[in-house]
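# Results of the structural survey
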Amino acid sequence: MHADGPRPAVRPPYARSVRADEARPQAEEARPQAEEARPAVREPNARSARDGEVPSAVRAGEARPAPRAGTARPVVQRASVRGQILDALRTALVAGELAPGEVYSAPALGERFGVSATPVREAMQQLALEGAVEVVPNRGFRVVERGTRELAELAEIRGLIEVPVMLRLARTVPAARWAELRPLAEATVRAASSGCRATYAESDRSFHRAVLALAGNAQLVRIADDLHRRAQWPLVGGPVSRGRADLVADAAEHTALLDALIAEDLVVVQALVQEHFTGAS
C-alpha cells in the first residue's frame, strides 16, 4: 500500500534558487538607492602611505574624521594647497631664501611649510617647467644658477614686447584710465621703500599687468608676466642682486611713466620704458 499510496509532495531541487532569483531583482533595485544615500569617502593618498609620510592637517584629498556637531571645518582642496605652496616657494626664490645652486628636498620643504611632501613636489615640478629649478634624481630640486647675460636677454625680450604695446596704448587710452593706475604705481613705491625684494617683485608685476591689460590681449599679459617673473629671480653670487636704493629708483619710474602717459608725451614714454628695462638688467 505504501508503494501505491499517495506520495508526499517533493520540492523541486531548484525551487529555492528560483525564489532567490525572483528576489534578486528587488535587491538589485534597492542597491543603487542605498549607494546613493551612502556618503562618499575619499581614499587616503596611496603614494603618501607608501612613502610613510605622516598625514598633515592641511593635506587635501584624504579621508578625515567627521567634525564634532556644530563645528564646521572647511575642506582644503589639493589644488589650493599646491597653489599656496607654489606662491610660498616663488616668494622664497625671489627673496633669496632658496639659493642658486643649492638642492632642496620635498620632505624638508614640506616640514618647513607644515605640509606633506606631495604638494611640495607638485609645486616644484611647476617651477621646473618655468625654469626656476631642475630635478635632481633621488635628491630633490636644484635652484638654477643664472648670470647677468640671461637677465639681459630677458630684458631685451620684454622691451621688444612691451615698448610697442605701451606706445600704442599711449596714443589710444584716455588720461582718465591712466589716472586709475596711480594707486598701483604708488604701491610699488611703498613696497620698494620697505626693502623687501619679494614684496616689491609682486607689486611691480601687478603694475605692469594692469598696464598691459589695457591692450585687451590676455595672451600678451600672460607671456609678459612670465618673462617678468623670470627676470626677478636672483643671480648666482648673492641672494639679492639689487639693493633698496635700486628698488626705489625702479619704482619711481612707474609714477614718472604714468605722468608721461597722462600728458600723452610719447617721446618721454618711450625713453622711460626703454630705461626701465635697461635698468632692470
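Everything quoted here is computed from the prediction, not taken from an experiment.

A few words on the sheet that holds strand 2 (residues 133–136). Spatially, 1-3-2 is the arrangement adopted by the three strands of the open sheet, whose pairing is antiparallel. Only two strands of the sheet have a single partner each, and these edge strands are strand 1 (103–104) and strand 2. Bridge count for strand 2 against strand 3 (residues 140–143) is four bridges, and the pairing is antiparallel. Among the inter-strand pairings, V133 is bridged to a residue of strand 3, identified as V143. Taken strand by strand, helix 5 (residues 117–130) contacts strand 2 and strand 3, and its axis lies near 120° from that of strand 2.

One can describe the packing of helix 4 (residues 106–113) onto helix 5 by two numbers: an axis separation of 8 Å at closest approach and a directional angle of 110°. As summarised for this structure, helix 4 and helix 5 are arranged roughly perpendicular, according to the angle between their axes. For the pair helix 4 and helix 5, the crossing hand works out as right-handed. Counting all contacts with helix 4, which are made through A106, P107, L109 and G110, the residues of helix 5 involved are A117, V120, R121 and M124. For the contact of helix 4 with helix 5, the per-class residue count stands at six nonpolar, one polar and one charged.

This part covers the pairing of strand 3. In this sheet, strand 3 lies alongside strand 1 in antiparallel orientation, the contact comprising two bridges. Looking at the pairing, Y104 lines up with F141 of strand 3. Here strand 2 folds back onto strand 3 in antiparallel fashion, the turn holding three residues, of which N138 has a positive phi close to 65°.

Per-residue pLDDT for the protein has a mean of 77; in total, 69% of the residues score no lower than 70. Confidence over residues 8–76 falls short of pLDDT 50; this stretch has 43 contacts with residues more than four positions distant or in other chains.

Turning our attention to unusual backbone geometry. A positive phi angle, near 65°, is found at N138, a position not held by glycine. The residue N138 is located in the loop between strand 2 and strand 3 in this model. The exposure class of N138 is exposed, given its relative accessible area of 85%. For E264, which is not glycine, the phi torsion reads 60° and is therefore positive. Topologically, E264 is positioned in the loop between helix 11 (244–262) and helix 12 (266–280).

This part covers the nonpolar core. One finds W178, L257, L258, L261, V269 and V273 to be the most contacted residues of the largest nonpolar core, which totals 25 residues. Taken together, the elements giving at least two residues each to this core come down to helix 6 (148–172), helix 9 (197–213), helix 10 (218–231), helix 11 and helix 12. For this core, the element with the highest residue contribution is helix 6, accounting for six residues. Setting aside its immediate chain neighbours within four residues, L261 contacts M166, A170, W178 and V269.

This paragraph deals with helix 6. Between its first and last C-alpha atoms helix 6 spans 36 Å; for 25 residues at 1.5 Å apiece the expected length is 36 Å, and the two agree. The principal kink in helix 6, of about 30°, is found at G159.

The rules behind each value
Residues numbered from 1 in each chain as written. Predicted model: local features only at pLDDT ≥ 70, side-chain atom pairs only at ≥ 80, totals over all residues. Heavy atoms only, no water. Pairing = 2+ DSSP bridges. Helix = DSSP H or I, 4+ residues; strand = E, 2+ residues; numbered from the N terminus. Contact = heavy atoms within 4.5 Å. Axes fitted to C-alpha atoms, helices over the stretch in contact; angles between N-to-C directions. Parallel < 35°, antiparallel > 145°, perpendicular 65-115°, else oblique. Left-handed = near helix turned anticlockwise from the far one by under 90°. Nonpolar A, V, L, I, M, F, W, Y, C, P; charged D, E, K, R; others polar. pLDDT = per-residue confidence, 0-100. Buried < 20%, exposed > 50% of the residue type's maximum accessible area, 1.4 Å probe, protein only. Core = buried A, V, L, I, M, F, W, Y, C linked by side-chain atoms within 4.5 Å. Expected span 1.5 Å × (residues − 1). Bend = angle between axes of the 7 residues up to and from the residue.

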